[in-house]
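# Commentary on secondary and tertiary structure
Chain residues, written in single-letter form:
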Amino acid sequence: MEGISITKLLVIAVLIVLLFGTSKLRTLGADLGAALKGFKKAVGEETPPAQSTAENQPAQQSVEKKDV
């Protein structure tokens, strides 16, 4: 078996366009792009656990000093 050639990919692409239509594929592409952008933004906003615990400890200690 040779694998997938260019002509086979073109036939598959034409069949997909005929089945779904260009407008449906355009909205699907836009939705997929928005989902990927949101995922990248969410991954970029994560902070490592070591930094978040170091930031939380002084705040907790100051609260404990006020209670005493």
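Quick notes on the rules
Residue positions are given per chain, counting from 1 as you read along its sequence in written order. Only residues with pLDDT of at least 70 get local features here, since the model is predicted, and only at 80 or more are side-chain atom pairs given and counted; chain-wide, interface and lining totals rely on the full set of residues. Hydrogens and water molecules were not included; the side-chain quantities draw on all heavy atoms of the structure. In this text, helices come from DSSP runs of H or I with a minimum length of four residues, and strands from runs of E with a minimum of two, each type numbered from the N-terminal end. Per-residue accessibility, obtained with a 1.4 Å probe over protein chains only, is compared with the maximum for each type, and a residue is labelled buried under 20%, exposed over 50%, and partly exposed between these values. Using a 1.4 Å probe, accessible areas were evaluated by the Shrake-Rupley method; residue-level cover was limited to the displayed protein chains. Axis geometry follows a simple rule: fit a line to the C-alpha atoms, using only the stretch in contact for helices, then measure angles between N-to-C directions, giving values from 0 to 180 degrees. Each angle is binned into one of four classes, with values under 35 degrees roughly parallel, values over 145 roughly antiparallel, values of 65 to 115 roughly perpendicular, and all other values oblique. By the convention used here, residues are in contact when the closest approach between their heavy atoms is within 4.5 Å. For this scheme, ten residues count as nonpolar: Ala, Val, Leu, Ile, Met, Phe, Trp, Tyr, Cys and Pro. Four count as charged, namely Asp, Glu, Lys and Arg, and the remainder, Gly too, count as polar. Patches draw on residues past 30% relative accessible area with no salt bridge. Two like charges within 9 Å are joined, as are two nonpolar side chains (Val, Leu, Ile, Met, Phe, Trp, Tyr) within 5 Å. A side-chain nitrogen of Lys or Arg and a carboxyl oxygen of Asp or Glu constitute a salt bridge if their distance falls within 4 Å. Take the residue count of a helix, subtract one, and multiply by 1.5 Å to get its expected span.

### Focus on the overall build of the chain
When helices and strands are tallied, the chain shows 3 helices and 0 strands. Sequence-ordered secondary structure for the chain, helices as α and strands as β, is α-α-α. Looking at the chain residue by residue over its 68 residues, the buried ones come to 0%. Accessible area for the chain stands at about 6,500 Å²; split by element, carbon and sulfur atoms hold 66% of it.

### Examining the packing of helix α1 (residues 6-20) against helix α2 (residues 22-44)
The packing of two helices is summarised by the inter-axis angle and the distance between the axes. Put simply, α1 and α2 touch, their axes get as near as 6 Å, and they point 100 degrees apart. By the angle between their directions, the pair α1 and α2 is classed as roughly perpendicular. Seen from α1, the contacting residues are I16, V17 and F20; seen from α2, they are T22, K24 and L25. A breakdown of the residues in the contact of α1 with α2 according to their chemical character gives 4 nonpolar, 1 polar and 1 charged.

### Some words on a nonpolar patch on the surface
Judged by side-chain polarity, I4, I6, L9, L10, I12, I16, L19 and F20 come together as a nonpolar surface patch covering roughly 850 Å² of accessible area. For I6, the location among the structural elements is in helix α1. Judged by its relative accessible area of 60%, I6 falls in the exposed class.

### Here we look at α1
The end-to-end C-alpha distance of α1 is 21 Å, a good match for the 21 Å that 15 residues give at a rise of 1.5 Å each. Two residues or fewer past α1, G21 is found with a positive phi of approximately 85 degrees.

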